[in-house]
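Commentary on secondary and tertiary structure
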Amino acid sequence: MTVPPEAERLLESKPLMAHLATCLEGRPHVAPVWYRYEADAVEIVTAGRKLANIRENPRVALSVQDDEDGATKWMVTLLGTATVVDDEEETETARRRINEKYDAEPDAYAENTLVRVDVGSASYRTY
C-alpha cells in the first residue's frame with residue numbers, strides 16, 4: 001500500500017481542487033484539476049498543456065489540501081507516473097464519475113482526455 005489509509009480517507013472526503021504539476025524541458029507547470037482517487041491511483045480528465053506535458057514526461061505530482069478560513073486543515077502530496085488513456089469509452093466513464101463528484105453535468109468537458117496516475121509515493125499532514 002503506497003497511500004496511507006488516513007491520507008486515502010482525506011483524498012476521498014470531499015470534492016476539493018487538486019494541483020497537478022508536470023514538467024517539460026526543465027520548466028514546471030502547475031494547474032488546478034478535478035480528480036478522483038481510488039486504490040493508489042488518481043483519475044483526471046484534462047487537455048491542453050497538461051496533457052501535452054504528460055505525453056512527453058509522465059512523471060507528475062499532485063497536491064490536495066483542505067483549508068478553513070485560510071488555515072490549512074490537512075494536505076496530501078502524491079508523486080507518480082501518469083498514463084494517457086486514449087480510449088473514448090474509458091474516458092467517458094471517468095469523466096462522468098469525476099463530474100458527478102464535483103456536481104457538474106455528466107457530459108461537461110467532453111473534449112478532455114483521461115489520465116491515470118499510478119501513485120509511487122505519498123505524504124500527508126494534518127494540522
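In the annotation of an unreviewed UniProt entry, the entry for the protein chain reads Pyridoxamine 5'-phosphate oxidase-like FMN-binding protein, and the organism field reads Natronorubrum bangense JCM 10635.

**Quick word on the pattern of salt bridges**
Pairing is possible between side chains that carry opposite charge, provided their charged atoms lie close to one another. With the rule as written, the count across this model stands at 13 salt bridges. A salt bridge links glutamate 43 to arginine 97, with the shortest nitrogen-to-oxygen separation between them at 2.8 Å. Residue glutamate 43 is found in strand β4 (residues 41-46), and its partner arginine 97 is found in helix α3 (residues 88-101); the two are separated by 54 residues along the sequence. Residue classification places arginine 97 among the partly exposed positions, given a relative accessible area of 33%. When the shortest N-O distance is used, the salt bridge between arginine 116 and glutamate 43 registers 3.5 Å.

**A short note on the side chain of lysine 50**
The residue lysine 50 is located in helix α2 (residues 48-56) in this model. Of the side chains with opposite charge, glutamate 111 comes closest to the buried, unpaired lysine 50, at an N-O distance of 9.4 Å. There is a polar contact of 3.3 Å between the side chain of lysine 50 and the side chain of threonine 46. Not counting chain neighbours up to four residues away, the residues in contact with lysine 50 comprise Leu20, Thr22, His29, Ala31 and Val33.

**Notes on the pairing of strand β5 (residues 59-68)**
With 4 bridges joining them, strand β1 (residues 18-24) and β5 adopt antiparallel strand pairing. Residue histidine 19 lies in a different strand from β5, and its bridge partner there is serine 63. As paired elements, β5 and strand β6 (residues 71-85) share 10 bridges and run antiparallel to each other. The residue of β6 that forms the bridge with glutamate 68 is alanine 71. Connecting β5 to the next strand, β6, in antiparallel fashion are 2 residues, including aspartate 69 with a positive phi near 55 degrees.

**Here's the deal with the side chain of threonine 22**
Structurally, threonine 22 is set in strand β1. Reaching out from threonine 22, the side chain makes a polar contact with the side chain of asparagine 53 at a distance of 2.9 Å. For threonine 22, the residues in contact, after removing those within four places along its chain, are Arg27, Pro28, His29, Lys50, Asn53, Ile54 and Val60.

The rules behind these values
- Residues take numbers from 1 onward in each chain, read along the sequence in its written order.
- Only residues with pLDDT of at least 70 are given local features in this predicted model, and only at 80 or more are side-chain atom pairs given and counted; all residues enter the totals for whole chains, interfaces and linings.
- Excluding hydrogens and water, the side-chain values take into account all heavy atoms of the structure.
- Criterion for a salt bridge: a side-chain nitrogen of Lys or Arg within 4 Å of a carboxyl oxygen of Asp or Glu.
- Each helix is a run of DSSP H or I of at least 4 residues and each strand a run of E of at least 2, with the numbering of both proceeding from the N terminus.
- Classification of residues uses two cut-offs on accessible area relative to the type maximum, computed with a 1.4 Å probe and protein chains only: under 20% is buried, over 50% is exposed, and between them is partly exposed.
- His is not counted, nor are the chain ends, whereas Lys and Arg count as positive and Asp and Glu as negative.
- Each polar contact in these results corresponds to two N or O atoms within 3.5 Å; when the atoms are within protein, one needs to be able to donate a hydrogen and the other to accept it, and residues that are neighboring in sequence are counted only if both atoms are side-chain atoms.
- Note on contacts: a residue pair is in contact if any heavy atoms of the two residues lie within 4.5 Å.
- Two strands form a pair only when DSSP identifies at least two bridges running between them.

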